[in-house]
Amino acid sequence: MAIEKVPVWEKANLSLEEAAAYFGIGINKLRDMTNDENCPFVLWNGNKRLIKRKQLERFLETAYSI
């Protein structure tokens, strides 16, 4: 049985590594941005943080700088 990989641009949630490659932002910067409890684009699964792709895209569209 072959395992099919879902392309990054079709995933709803991305790992830090996937998000860093997709958005061109460093992993440490993403980690700093998602450390806040009220961060609207992070989803915690235990200790693993996932980035909500569409919400981060909206955040970056309106951001002047990060």
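Residues numbered from 1 in each chain as written. Predicted model: local features only at pLDDT ≥ 70, side-chain atom pairs only at ≥ 80, totals over all residues. Heavy atoms only, no water.

Points about the confidence of the model for the chain
Where the model shows low pLDDT, its predicted coordinates should not be examined in detail.
For step 1, the next point in the chain: Scored by pLDDT, the chain has a mean of 91; 98% of the residues are at 70 or more.
For step 2, the next point in the chain: Element-level pLDDT for the chain is lowest in helix α2 (residues 27-34), with a mean of 93, against a maximum mean of 95 in strand β3 (residues 48-52). (pLDDT = per-residue confidence, 0-100. Helix = DSSP H or I, 4+ residues; strand = E, 2+ residues; numbered from the N terminus.)

Re the pattern of salt bridges
For step 1, the next point in the chain: Summed over the entire model, instances satisfying the criterion amount to two salt bridges.
For step 2, the next point in the chain: The closest approach of N and O atoms between E18 and K11, which form a salt bridge, is 2.6 Å.
For step 3, the next point in the chain: For the salt bridge of R53 with E57, the shortest nitrogen-to-oxygen distance reads 3.3 Å. One end of the pair is R53 and the other is E57, both in helix α3 (residues 53-62) and four residues apart, which spans about a single turn. (Salt bridge = Lys/Arg side-chain N within 4 Å of Asp/Glu carboxyl O.)

Some points on the side chain of R53
For step 1, the next point in the chain: Classification of R53 as buried rests on a relative accessible area of 8%.
For step 2, the next point in the chain: Apart from residues no more than four positions distant in its own chain, R53 is found in contact with V8, W9, E10, K11, A12, L14, Y22 and F23. (Buried < 20%, exposed > 50% of the residue type's maximum accessible area, 1.4 Å probe, protein only. Contact = heavy atoms within 4.5 Å.)

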